[in-house]
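# Report on the structure
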Amino acid sequence: MVTINNVFNNENMTCIASAGPFFVYEHQNDLSVTPTGAPNAYFMKEMNVRKRQVLAQLNGNAIKVQAGAMQWMTGNVEMNANVGGVGGFFSKAVKGAVTGESAVKPIYQGQGFVMLEPTYKFILLEDVGQWGPQGMVLDDGLFFACDASLQENVVRRQNASSALLGGEGLFNLCLTGNGMAVLESPVPRQELFEFVLQDDVVKIDGNMAIAWSGSLQFTVEKSTKSLLGSGLSGEGLLNVYRGTGRILMAPTMQGTLNVSTNGPEQTSANAGGNATAASTIASSIFGN
């Protein structure tokens, strides 16, 4: 028998979310800072930059975890490397190489607890079954853990333009089935926009969509009917999602801030600049 102290009764660790077997704990203060690091720790806390950990409680069920993410486990819990033989390992290695995820995601099952490594990223708990029968497509590096019952698939872009110009890559990990997924998001839940489409379309300027339904058709299109108009408008090419499904968009992640090069002064200064106009059009073709 193992008694766990200073986890569930730790005043510095707050459970901020839970779903299925997963519980998200947030360290309210970094208590192990040095005197020289204390100012940084103080301002990090004020700006909600905190360590977060995921605890999984197993009662005969199983979870799948990103390789190397387990910190400790206790109870009658067994770990299965989930390799599946030489052929299975080769297949997983190929999937991992094209999606940016670990080739092998170990499975933990039994009775007990599994604690994952701390992260400064924001933790999302998503019910994959709510994303439709074709599952939930994830941006690279988003996967952290999930119910072992969920199936992993690699989805490929429907056309070359979406892969080369959309900034999302040619392949993505897709989770299907019924169960919970734990995701590491670049922004908190409060800053995520969610679009629910019913035979409609959403157009996004940049690769800000971090997850979307596998039922949606993803293409890259000009912001206006003409290539010249797209270049001069400053918007260029747009990531377009069509159909019925959901999209999670991170509008405030790094790289989305409007900068001075898009401001009125820059536009005015370039009003008669043919070279700059040509450069703008070229940027819209080949990406920013």
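Scroll up a little and you will see the structure.
Residues numbered from 1 in each chain as written. Predicted model: local features only at pLDDT ≥ 70, side-chain atom pairs only at ≥ 80, totals over all residues. Heavy atoms only, no water.

### Description of unusual backbone geometry
Leaving glycine aside, a negative phi is the common case for residues, and trans is the common case for peptide bonds. You will see that N6, though not glycine, has its phi angle at about 65°, which is positive. Along the polypeptide, N6 turns up in the segment before β1 (13–19). (Helix = DSSP H or I, 4+ residues; strand = E, 2+ residues; numbered from the N terminus.)

### Comments concerning the nonpolar core
Side chains of a nonpolar character, in soluble globular proteins, are inclined to be buried together. Residues L138, I210, A211, Y241 and I247 are the most contacted members of the largest nonpolar core, which totals 35 residues. Among the elements of the structure, β7 (136–138), β8 (143–147), β10 (171–176), β11 (180–185), β12 (193–204), β13 (209–213), β14 (217–222) and β15 (237–249) are those that each provide at least two residues to this core. Looking at this core element by element, the count peaks at five residues for β15. Residues F22, V77, I123 and A145 belong to the second largest nonpolar core, which totals 19 residues. (Core = buried A, V, L, I, M, F, W, Y, C linked by side-chain atoms within 4.5 Å. Buried < 20%, exposed > 50% of the residue type's maximum accessible area, 1.4 Å probe, protein only.)

### Details of the pairing of β1
Two faces belong to every sheet, and in a regular strand the side chains alternate between them. Sheet topology places β1 next to strand β2 (residues 22–27); six bridges connect them, and they run antiparallel. For S18, the partnering residue across the bridge sits in β2 and is F23. Here β1 folds back onto β2 in antiparallel fashion, the turn holding two residues, of which G20 has a positive phi close to 60°. (Pairing = 2+ DSSP bridges.)

### Considerations on the environment of L138
Note that L138 resides in strand β7. Sequence-wise, L138 and A211 are 73 residues apart; in three dimensions their C-alpha atoms are separated by 4.6 Å.

### Re a nonpolar patch on the surface
A surface patch of nonpolar side chains, amounting to about 310 Å² of accessible area, comprises M47, V49 and Y120. By the element assignment, Y120 lies in the loop between β5 (107–116) and β6 (122–127). (Patch = residues over 30% accessible without salt bridge, like charges linked within 9 Å, V, L, I, M, F, W, Y side chains within 5 Å. Areas by Shrake-Rupley, 256 points an atom, 1.4 Å probe, with all protein chains shown as cover. Salt bridge = Lys/Arg side-chain N within 4 Å of Asp/Glu carboxyl O.)

### Some thoughts on the packing of aromatic side chains
If you walk through the whole model with that rule in mind, you get five aromatic pairs. Measuring from centroid to centroid gives 6.2 Å for W212 and F218, while their planes differ by 50°, and the two rings are tilted. On the basis of relative accessible area, W212 is assigned to the buried category, the value being 2%. According to the relative accessible area criterion, F218 is buried, its value standing at 4%. In this structure an aromatic cluster arises from ring pairing among W212, F218 and Y241. (Phe/Tyr/Trp six-rings, centres within 6.5 Å; stacked < 30°, edge-to-face > 60°.)

### Section: the pattern of salt bridges
Oppositely charged side chains are able to pair whenever their charged atoms sit close together. A complete count under the given rule lists nine salt bridges for this structure. For R189, the salt bridge goes to E126, with nearest N and O atoms at 2.4 Å. Pair noted here: R189 is in the loop between β11 and β12 and E126 is in strand β6, with a separation of 63 residues, a long-range link. Under the relative-accessibility criterion, R189 is labelled partly exposed at 36%. When its relative accessible area of 5% is taken as the criterion, E126 is described as buried. Put simply, E126, R189, E194 and R246 are held in one network by salt bridges that share partners.

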